[in-house]
Amino acid sequence: MSATAIARQTPPMVDESMITQVWKVTTAKNEIFDQARARYGDTFGLNLARGKWFYFADPEDVKTIFTASPEALHAGKGNEILATALGEHSVLLLDEGEHMRQRKLLLPSFHGEKLAAQTGAMERISEEVVGRIPAGATFQVREMSQDIALEVILEVVLGTASSGEEHDRLGTATRELLEWISKGYRLMLSSVFGPRSRPIKAMYKPALAPLDRGLYDLISERRKADDLEERSDILSMLLLARDEDGEPMTDIEIRDELVTLIVAGHETTATALAWALERVTRIPDGSERLHEEAVAGEGEYSRWVSQEALRLRPVLDFVLRRVMEPIEVGGYEFEPGDVLAPSIYLVHRRGDIYPDPLTFNPDRWDGVKPGTYTWFPFGGGVRRCIGMQFAMAEMEFVMRAVARAGVLLPVGPEEATVSRFITSSPKRGGQVRFAF
Ligand code: HEM
């Protein structure tokens, strides 16, 4: 066949009814991906609501997609369903120039030395929350990590004091909103009626109002603070940020980005931690090594555990790009309206990259740096997760705080994967207990 003929081919489509496909994808029934890859190869399509979705399991294709121009592939459209809660200025929802503007305003707050200033609070909060676990009790890592992630948001992102009226008011409003939006049926309703429709806006209003009020009060107070330059919280840094024209962010922009950071960072990090501890307690010596490292206060094992958990149990199974201009990937031609989905799940399970791929083995990371297109639990290209280092740091601090308190044991049988909000989560939230 000539090269042109190959370029015009479209990938094979999975041969199942649309309803079955939607059900399997939205309920994290990942066998659909394993079976499709075994049958059709590294690239295949699903007929899902709103068009054809193509999945990619070859790192070369993932690279093509992540390095394509932001005009050819949009990510913001794929996140539209979150618009009611996040707001129209959210970096997650925008594309092209508008996206880059918000991203550039946010990125400096997450750079190395800023992060270093925030890790003290992460460490202290982790110790405090772990200290409240009753001796001998079975506990759920996801719940504990959510408590930690919330306190980290209040202190490190919003810069509130670690206790007091403001802390409690914002904490309650944030917790209630996160709980409210985590219900899958609400997302389903948004998808049916549209996230910007009147009934959906009316449904969200009471849930959003307390946090919005709290955030706008906080923004206006903080604008008046005379120590902004010395503060290390992200809100203060956003107030100081300037775009390329020297313009500051408006209150609405700051509100939308704060809610975006809260929503994007809370459930994801807690889920990653739940998987990390659920998995590591089930391998020989895993808990003991984690405990020894935590007591010694140095070592690489906890980072390897995080990397391995994010490989074998990624929080999100794929990322999405909507085709805006015709594009060729791996010899196939895609048209505007198609959705391209680099499959984190499938690439992370390739035997040619990860020998014995289904085994949870943190030691595989000894002396190995994760590859940009072979390990991408945080996505890639100009859309790569802004909170990646923040999340990895939080995972390490929480894991060490828990492991310092004792050697962990698994509880019950291995946990199955269930869909929670948009994440693939352990069914019982990662249940563990201390051996002593
Ligand atoms: C283990 C925890 C986390 C995981 C697995 C995760 C994963 C992801 C993924 C897969 C994306 C989409 C990337 C793409 O489309 O290529 C993303 C985007 C994003 N994440 Fe995270 N994330 C985590 C934690 C966080 C945290 C802690 C924050 C902030 C505090 C955060 C903020 C964001 C933002 C703002 C974006 C949008 C970036 C953009 O569109 O330019 N995430 N994340």
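The rules behind these values
- Just so you know, the residues in each chain are numbered from 1, in the order the chain's sequence is written.
- Residues qualify for local features only when their pLDDT is at least 70, as the model is predicted, and side-chain atom pairs are given and counted only at 80 or more; totals for whole chains, interfaces and linings, by contrast, use all residues.
- Only heavy atoms go into the side-chain values, all of them from the structure, while hydrogens and water stay out.
- Note on exposure labels: buried denotes an accessible area under 20% of the residue type's maximum, exposed denotes more than 50%, and partly exposed covers the range between, all computed with a 1.4 Å probe on protein chains only.
- Strands here are runs of E lasting at least two residues and helices are runs of H or I lasting at least four, both read from the DSSP assignment and numbered beginning at the N terminus.
- Two strands make a pair as long as DSSP finds a minimum of two bridges between them.
- Salt bridges are defined by distance alone: a side-chain nitrogen of Lys or Arg within 4 Å of a carboxyl oxygen of Asp or Glu.
- Coordinating donors are taken as N, O and S atoms within 2.8 Å of the metal, stretched to 3.2 Å for Na, K and Ca; because water is absent from the atoms, sites can appear incomplete.
- Only a single heavy atom is needed: when it lies within 4 Å of a molecule or strand, its residue is near that molecule or strand.
- Throughout this description, a polar contact denotes any pair of N or O atoms lying within 3.5 Å of each other; where both atoms belong to protein, one of them has to be capable of donating a hydrogen while the other can accept it, and for residues adjacent in sequence the pair is counted only when both atoms sit in side chains.
- Classification convention: Asp, Glu, Lys, Arg as charged; Ala, Val, Leu, Ile, Met, Phe, Trp, Tyr, Cys, Pro as nonpolar; all other residues, Gly among them, as polar.
- The contact criterion used throughout is that any non-hydrogen atoms of two residues lie within 4.5 Å.
- Here the arc refers to the set of directions running from the helix axis out to each C-beta atom.
- Side-chain rings of Phe, Tyr and Trp (the six-membered ring for Trp) are treated as a pair once their centres are within 6.5 Å; stacked means planes under 30 degrees apart, edge-to-face means over 60, and tilted covers the remaining angles.
- As a reminder, the over-ring test applies to NZ of lysine and CZ of arginine, requiring each to be within 6 Å of the ring centre and within 35 degrees of the ring normal.
- Lines are fitted to the C-alpha atoms to define the axes, a helix being fitted only along its stretch in contact, and any angle between axes, read from their N-to-C directions, falls within 0 to 180 degrees.
- Our angle categories are set so that under 35 degrees counts as roughly parallel, over 145 as roughly antiparallel, 65 to 115 as roughly perpendicular, and the remainder as oblique.

**Here's the deal with the pairing of strand β12 (residues 431-434)**
Burial along β12 is one-sided: the face carrying V432 and F434 is buried and the face carrying Q431 and R433 is not. As paired strands, strand β4 (residues 139-140) and β12 are joined by two bridges and run antiparallel to one another. Counted as the bridge partner of Q140 is Q431 from β12. By the bridge criterion, three bridges tie strand β9 (residues 408-410) to β12 in an arrangement that is antiparallel. Within the sheet, the bridge partner assigned to L409 lies in β12 and is R433.

**Considering the pattern of salt bridges**
Overall, the coordinates contain 29 salt bridges when judged by the stated rule. The partner of E155 in a salt bridge is R124, and the shortest N-O contact between them spans 2.5 Å. Here the residue E155 occupies a position in helix α8 (residues 141-157), and R124 occupies one in helix α7 (residues 112-131), the gap between them amounting to 31 residues. Under the relative-accessibility criterion, E155 is labelled buried at 16%. The partly exposed category is assigned to R124, whose relative accessible area is 33%. Among the salt bridges present, the one from E414 reaches R279, with a minimum N-O distance of 3.3 Å.

**Topic: the sheet that holds β9**
Strand order in the open sheet made by the three strands is β4-β12-β9, with antiparallel pairing throughout. At either margin of the open sheet sits one strand with a lone partner, and together these are β4 and β9.

**Some thoughts on the coordination of the iron atom of the ligand**
Donor atoms from the protein around the iron atom of the ligand number only one, C385 (SG), found at 2.2 Å. Within the secondary structure, C385 sits in the loop between α16 (344-347) and α17 (388-404).

**A word on the site of the ligand**
Surrounding the ligand, one finds 26 residues, the nearest of these being H99, R103, R321, G380 and C385. Interatomic distance of 3.0 Å between a backbone N/O atom of G380 and an oxygen atom of the ligand. A distance of 3.0 Å separates an oxygen atom of the ligand from a polar atom in the side chain of R383. For the shell around the ligand, the elements supplying multiple residues, two or more each, are α6 (96-106), α13 (251-280) and α17. For the shell around the ligand, the leading source of residues is α13, giving six residues. Each residue belonging to the shell around the ligand can be placed in one class, and the counts come to 16 nonpolar, seven polar and three charged.

**A look at the side chain of R311**
Following the sequence through the fold, R311 ends up in helix α15 (residues 301-312). Note on R311: relative accessible area 0%, which makes it buried. One polar contact links R311 to E308, side chain to side chain, over a distance of 2.9 Å. Discounting residues that sit within four places of it in the chain, R311 has contacts with H348, Y354, P357, T359, R364, W365 and W375.

**A word on helix α10 (residues 184-193)**
Along α10, the residues that are buried comprise R186, L187 and S190. Looking straight down α10, one finds that the buried residues subtend no more than 100 degrees of arc, so they occupy a single side. Exposed positions of α10 whose direction lies more than 90 degrees from the buried face are M188 and V192. Taken together, the buried residues of α10 touch α9 (165-181) and α11 (198-223). Looking at the residues trailing α10, positive phi occurs at G194, about 100 degrees.

**Observations concerning unusual backbone geometry**
A positive phi angle, close to 70 degrees, is found at D285, a residue other than glycine. The residue D285 is located in the loop between α13 and α14 (286-296) in this model. Of the residues examined, D285 reaches a relative accessible area of 49% and is grouped as partly exposed.

**Here we look at the packing of aromatic side chains**
Summed over all chains, the structure comprises 17 aromatic pairs. Plain terms: the ring middles of Y55 and F318 are 5.2 Å apart, the flat faces sit at 90 degrees to each other, and that makes the pair edge-to-face. Taken together, the residues Y55 in strand β2 (residues 51-56) and F318 in the loop between α15 and β5 (321-323) connect sequence positions 263 residues apart. Judged by centre distance (6.5 Å) and plane angle (35 degrees), the rings of F66 and Y373 are tilted. Placement of the pair is F66 in helix α4 (residues 59-66) and Y373 in the loop between α16 and α17, with a sequence separation of 307 residues. Taken together, the ring pairs connect F33, F44, W53, Y55, F318 and Y345 into an aromatic cluster. Taking NZ or CZ as reference, R311 lies 4.9 Å from the ring centre of Y354, over its face. When the ring centre of W275 is taken as reference, the NZ or CZ atom of R313 above it lies at 5.0 Å.

**A few points about the packing of α6 against α13**
Direction vectors running N to C along α6 and α13 enclose 75 degrees, while the axes themselves pass 12 Å from each other. With respect to each other, α6 and α13 are oriented roughly perpendicular. Judged by residue contacts, R101, Q102 and L106 of α6 engage E253, E257 and L261 from α13. When its residues are assigned to classes, the contact of α6 with α13 shows two nonpolar, one polar and three charged.

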